[in-house]
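These are the residues of each chain, in order.
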Number of protein chains: 2
Amino acid sequence: MSYDCSFLEDLSIDGTVSFEPSALNNHATDWLTEATGEGVTPDAVVWPESTADVSTILSAANERDVPVTPYAAGTSLEGNPVPLFKGISMDMTKMNAVLEVRPDDFQIDVEPGVMGNVINEAVEEHGMFFPPMPSSADLSTIGGMIVNDASGKKTVKYGEVADWVLELEVVLADGSVVELGSNAVKTSSGYNLKDLIVGSEGTLGVVTRSTLELEGLPEQIKGGRAVFESMDDAVAAVFDTVRSGVDTAKIELIDSLAAEMANDYLDAGLPDGSMIFFEFHANHGIDEEIEFFRSVIESHGVVEFETSSDERMDELWRARDDLAFAVQQYDPDLSPRHPGDVTVPISKYPEIIRFAKDLADEREILFPCFGHAGDGNVHYTALVDPDDEEMIHTAEEIYDAVVERALEYGGTATGEHGIGMGKRRFLEAEHGEIGVEMMRKIKAAFDPNDVLNPGKVFPETDEDGVRVRLSDD
Amino acid sequence: MSYDCSFLEDLSIDGTVSFEPSALNNHATDWLTEATGEGVTPDAVVWPESTADVSTILSAANERDVPVTPYAAGTSLEGNPVPLFKGISMDMTKMNAVLEVRPDDFQIDVEPGVMGNVINEAVEEHGMFFPPMPSSADLSTIGGMIVNDASGKKTVKYGEVADWVLELEVVLADGSVVELGSNAVKTSSGYNLKDLIVGSEGTLGVVTRSTLELEGLPEQIKGGRAVFESMDDAVAAVFDTVRSGVDTAKIELIDSLAAEMANDYLDAGLPDGSMIFFEFHANHGIDEEIEFFRSVIESHGVVEFETSSDERMDELWRARDDLAFAVQQYDPDLSPRHPGDVTVPISKYPEIIRFAKDLADEREILFPCFGHAGDGNVHYTALVDPDDEEMIHTAEEIYDAVVERALEYGGTATGEHGIGMGKRRFLEAEHGEIGVEMMRKIKAAFDPNDVLNPGKVFPETDEDGVRVRLSDD
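An unreviewed UniProt entry annotates chain A as D-lactate dehydrogenase (cytochrome) originating from Natronomonas salsuginis. Under the UniProt heading Cofactor (unreviewed entry), the entry covering chain A gives this text: "FAD".

Looking only at helices and strands, one finds 15 helices and 18 strands in chain A. Taken against the 2.2 N^0.38 rule, which gives 23 Å for 473 residues, the C-alpha radius of gyration of chain A at 23 Å falls within 12% of a compact globule. Projecting the C-alpha coordinates of chain A onto the three principal axes gives extents of approximately 65 × 60 × 40 Å. Going through the 473 residues of chain A one by one, you find that 63% of them count as buried. Put simply, of all contacts in chain A between residues at least 6 apart along the chain, 73% involve residues at least 24 apart. In the structure as shown, chain A presents an accessible area of about 16,800 Å², 43% of it carried by carbon and sulfur atoms. Averaged over its 33 positive side-chain charges, chain A has a centre that lies 3 Å from the centre of its 93 negative ones.

After a rotation of 180° and a shift along the axis of 0.0 Å, chain A superposes on chain B with an RMSD of 0.0 Å. Both copies of the chain, as the preceding transformation shows, are related through a two-fold rotation axis. The rotation axis passes nearest to the C-alpha of G285 of chain A in chain A, at a distance of 2.8 Å. Mapped onto chain B, 100% of the interface residues of chain A again fall at the interface, so both copies present the same surface.

Residues and elements named next belong to chain A. You can read the domains of chain A as domain 1 (6-94), domain 2 (98-216), domain 3 (218-326) and domain 4 (331-444). The gap between the C-alpha centroids of domain 2 and domain 3 is 29 Å. In this complex, domain 2 contributes seven residues to the contact, which on the side of domain 3 involves eleven residues. With both chains or domains summed, domain 2 and domain 3 bury close to 750 Å², and 59% of this area falls on carbon and sulfur atoms. When the buried surface of domain 2 facing domain 3 is broken down by residue, K153, V156 and K157 rank first, second and third, together holding 68% of it. Across the contact surface, domain 2 and domain 3 share two salt bridges. With its nearest N and O atoms 3.1 Å apart, the salt bridge here joins D247 to K157. Here the element with the most residues in the side of domain 2 that touches domain 3 is helix α6 (residues 155-158); it accounts for three residues. Among the residues forming the side of domain 2 that touches domain 3, the class breakdown is three nonpolar, one polar and three charged.

The next point concerns a negative patch on the surface. Residue and element names in this part refer to chain A. Taken together, the side chains of E260, D264, D267 and D272 present a region of like negative charge at the surface. Mapped onto the secondary structure, E260 falls in helix α9 (residues 256-266). According to the relative accessible area criterion, E260 is partly exposed, its value standing at 36%.

Here is what the cut-offs are and how they apply
Residues numbered from 1 in each chain as written. Chains lettered and ligands numbered in written order. Predicted model: local features only at pLDDT ≥ 70, side-chain atom pairs only at ≥ 80, totals over all residues. Heavy atoms only, no water. UniProt positions renumbered as here; feature names shortened; annotations may be inferred. Helix = DSSP H or I, 4+ residues; strand = E, 2+ residues; numbered from the N terminus. Rg over C-alpha atoms; globule rule 2.2 N^0.38 Å. Buried < 20%, exposed > 50% of the residue type's maximum accessible area, 1.4 Å probe, protein only. Contact = heavy atoms within 4.5 Å. Areas by Shrake-Rupley, 256 points an atom, 1.4 Å probe, with all protein chains shown as cover. Lys, Arg positive; Asp, Glu negative; His and termini not counted. Charge placed at Lys NZ, Arg CZ, Asp CG, Glu CD. Least-squares fit on C-alpha atoms with pLDDT ≥ 70 in both. Domains from an automatic or database assignment. Buried area = accessible area lost by both parts, 1.4 Å probe. Salt bridge = Lys/Arg side-chain N within 4 Å of Asp/Glu carboxyl O. Nonpolar A, V, L, I, M, F, W, Y, C, P; charged D, E, K, R; others polar. Patch = residues over 30% accessible without salt bridge, like charges linked within 9 Å, V, L, I, M, F, W, Y side chains within 5 Å.

Here is the structure:
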C-alpha cells in the first residue's frame with residue numbers, strides 16, 4: 001500500500017519535500033538492505049530545517065495516520081531507517097548545525113544531522129573530544145548514533161553514546177516538543193526518559209537537538225599491534241588483559257581469516273596470524289601501563305609486538321582500519337552478507353569466537369570475525385555468492401546460531417547496531433515475553449497511532465505483511 | 001483511610017508479616033520525615049524472603065487495590081519510602097544475600113537488601129570495588145541506591161549508580177517477574193527498560209536482584225585537604241580544577257560556616273576558612289597529577305595544602321567525613337531541616353553557592369553548604385528552631401529559591417536523593433508539562449492500579465488528600 005502524502009506540500013515549513021523517484025530511491029535502504037535488496041521506497045521525502053518543521057510534519061502525519069521514518073546518513077546495519085510501510089522518509093541531514101560549545105562545562109549542543117567527525121573538529125581547539133564515537137564517525141550522524149545507542153573502539157575505556165548524552169530535545173508523534181535530561185552531569189529527578197529515547201531507533205520520538213558531554217584529550221596517546229601464533233592465543237590475551245584491569249583505550253581483535261583478507265588488500269607483507277590492535281590514553285605513565293599490558297599477554301604466544309606514538313601507530317593499525325574494505329574486496333564472486341555484532345560477558349569471549357569459527361569452518365563459509373574485543377563485542381560477516389540461495393541460507397543459519405549462543409551466555413543480540421529489521425526475531429528471546437510487553441506498552445503510550453518508524457524493533461505486521469496498530473483507538 | 005491487609009496472613013510465602021504498632025511505627029518515616037513529622041504508619045509490614053514472595057505479595061495486593069511501598073534502610077532524604085496512603089510497607093532487608101561474584105567479568109549479583117559496605121567487602125579480595133557508592137555505604141541498601149539512582153564522592157570520576165547496574169530482576173505491580181538489561185557491558189537491543197527502573201523509587205516495580213559492574217582498585221591512592229582564604233576562592237578553585245580536566249577521584253567542598261561547625265565538633269584546631277577535600281586514584285603518576293592540581297588551584301588564595309597516602313589522609317578528611325554530625329550538634333536549640341541537594345553545570349557552581357549563601361545571610365538563617373563539588377553538586381541544610389514556625393517557613397523559602405535557581409541554570413532539583421515527597425512540587429518545573437505527562441503514561445501503563453508507592457514522584461492526591469488513580473480502569 002501507499003499513503004497520500006500530498007498534504008506535505010501544503011504545510012508551512014522551511015524545509016523541502018520531494019516525490020521524485022531518485023529521492024525516494026535514495027531513502028529506501030541503509031547499508032544492510034542495500035546488500036540484501038530488502039529496501040522499501042517511501043511515498044515522499046521531507047527535509048525539515050528546524051524543530052518547528054519536525055513538529056509540523058509529525059503533527060500532520062499523525063492526524064492522517066501516515067508513517068514517518070527518520071533518515072540520516074543511511075549507514076546503519078540493521079535496516080533501521082528503511083520505511084517499511086512506506087509513507088514519509090524524514091531526512092534529518094539539513095539540521096546539521098553545531099549550536100554551541102561550552103568548554104567550561106565540557107558540553108556541546110548539536111542538531112541531529114551533524115556528522116561525527118564535525119563534532120570532534122568543533123571541540124578540538126578546546127583540547128576535547130567526544131569519546132564514544134563509532135569507527136564510522138565521518139559516515140554517521142550524531143542523531144543516528146543516539147537513536148541506535150552506538151559505540152566504538154574507545155567504548156572499552158569511555159562507555160557508549162548513552163553515557164555521554166546529557167539532554168535531548170525530542171518531538172513526539174503528535175508534534176509536541178519536550179526536553180529530556182539535564183545540563184547537570186548527574187540527576188535523580190523523575191523517570192529517566194532521556195535514556196528511553198536513546199536507542200529507541202526513532203520509534204518513540206525524533207531527536208532534534210542534543211547536549212553531549214566531552215572529555216579532555218589525554219596528554220599521552222600510544223598504540224600498536226600484537227600478532228599471535230593462533231586465534232585462541234589472541235583471544236586469551238584479550239581476556240587476560242581485561243580481567244587484569246589493564247587500562248586500554250582501545251583493544252581490537254581480528255581473527256586469522258580477517259588478517260589474511262587485510263594482508264591481501266594492503267599487500268604490505270603483514271605477518272600471518274590473529275592480531276590485537278591497542279591504544280592507550282593517559283596523562284602520566286603510559287609506558288608503565290603498556291609494559292603491564294605486555295607482561296599480561298606475553299605468555300600467549302606473541303609473535304610480534306610494536307608500539308608507537310606517531311604516524312607509525314596509524315600504519316600498525318591499518319589492517320584493522322581498512323578491514324571493511326578488505327572483506328568487501330577479498331573475492332569478486334563473494335559479497336559480505338548481513339554484517340552483525342553480538343556482545344557477551346568477557347569471560348565468554350573465547351567461547352563465542354571459537355563457536356562462530358568452528359561452525360563456519362564446518363559449514364564451509366568464510367566468516368571473518370573482528371571487533372571491540374575488550375567489550376566482549378564480536379563483529380562478523382559471512383561472504384556469500386549472492387546468486388547461491390543455499391549458501392545464503394547457510395550463512396543466515398550461522399548468523400542466527402551465533403546470536404542465540406550469545407544470548408545463552410547472558411549477552412546481547414546487538415551490541416551497537418540496534419534491532420532495526422535485522423534483529424527483531426531475537427527481541428523476545430533476549431528480553432522475554434514480559435520485557436517485550438513492557439516495551440510495547442511504552443510504544444503504545446507515546447505513539448498510539450504507530451506512525452513513528454512502524455515495523456521496527458517490534459515486528460508489527462500480520463501474516464499478510466500489513467501494518468498492525470498497537471492501540472485500539 | 002486504612003486498608004484491610006489481613007489477606008497477607010493467608011498468603012503462601014516464606015516471609016513474615018506484622019501488624020504490631022512498633023513494626024508499623026518503624027516503617028512510617030525515613031530520615032527526612034523523622035525530622036519533619038510527616039511520617040505515615042502503614043497498615044501492615046511484610047518482610048519477603050524471595051522473589052517468589054515479592055511476586056505473591058504484589059499480585060495479591062494489586063488484585064485488592066492495596067498500596068505497597070518498598071522499604072529498606074529508611075535512610076533516604078526525600079521521604080521516598082513513606083507509605084503515604086498507608087497499606088503495606090514491604091521491607092526488603094531480609095533479601096540481603098550476595099548471590100555470586102564473577103571476578104573475571106568484574107560483576108557481582110546481589111539481593112536488594114545488601115548494605116553498600118557488604119558489597120565492597122565481598123569483592124575486596126579480588127582487588128575490586130563498587131565505585132559509585134554513596135557516603136552512607138554502611139547505612140544504605142543497594143536496592144535503595146538503585147531506585148534512587150544514588151551517587152557519591154567518587155561520582156566525579158566514576159559516574160552514578162545507574163552507570164554500574166548491568167541487569168535487574170524486577171517484580172511488576174501485577175506480580176510478574178522480568179529481567180531487564182544484559183550481562184554484556186554494552187547493548188543497543190530494544191528500549192532501555194533497566195534505566196527506567198533505576199531512579200523510579202519503587203513506583204514502577206520492585207527490584208529483587210541486580211547485577212553490578214565492578215572496577216579494579218587503583219594501584220595508587222592519595223588525598224588531602226586545601227584550605228582557602230575565602231569561600232569564593234575555594235569555589236573558584238573547584239571550577240578551575242574541573243575545567244582544566246584534572247583527574248580527581250573525589251573533590252568535595254565545605255563552606256566556611258560548615259568548616260566552623262566541623263571545627264567546633266572536632267575541637268581539633270583546624271584552620272578557619274572554606275576547604276576542599278580531594279582524593280586521586282591512578283595506576284601510575286599520581287604525584288604528577290596532584291602537582292598539576294596544585295598548579296591549577298594555587299592562584300586562588302590557598303592557605304594550607306596537604307596530601308597523604310596513609311592514615312593521615314583520613315585525618316585530613318575528618319572535617320568532611322563527620323560534617324553531618326557536626327551540623328546536627330552545632331547548636332542544641334537548632335535542628336537541621338530538610339537536607340537537600342541540587343546539581344548545576346560546573347560553570348554555574350560559583351553562582352549557585354554565592355546565591356544560596358547571600359540569601360541565607362540576608363534572611364539570617366544558618367545554611368551550611370557542602371557537597372560533591374566536582375559534579376556541580378551542592379548539599380545544604382538549614383538550622384532552625386523546631387518550635388519557630390516563621391523560621392521554618394523562612395528556611396523553606398530559601399530551600400525553594402535555591403532549587404528554582406538551580407533549574408534556571410539548567411541544573412536538576414535533585415542530584416542524588418530522588419523526588420520522593422520532598423521534591424514533587426518541582427517535577428513539572430524541571431521536566432515541563434509534557435515531560436511529566438510522559439512519565440505519567442509510563443506509570444499508568446506499568447501500574448494501572450497505582451499500587452506501587454502511590455503519591456511519590458507525582459503528587460497523586462486530590463484537594464482532600466485522597467489517593468487519585470492514574471487510569472480509568
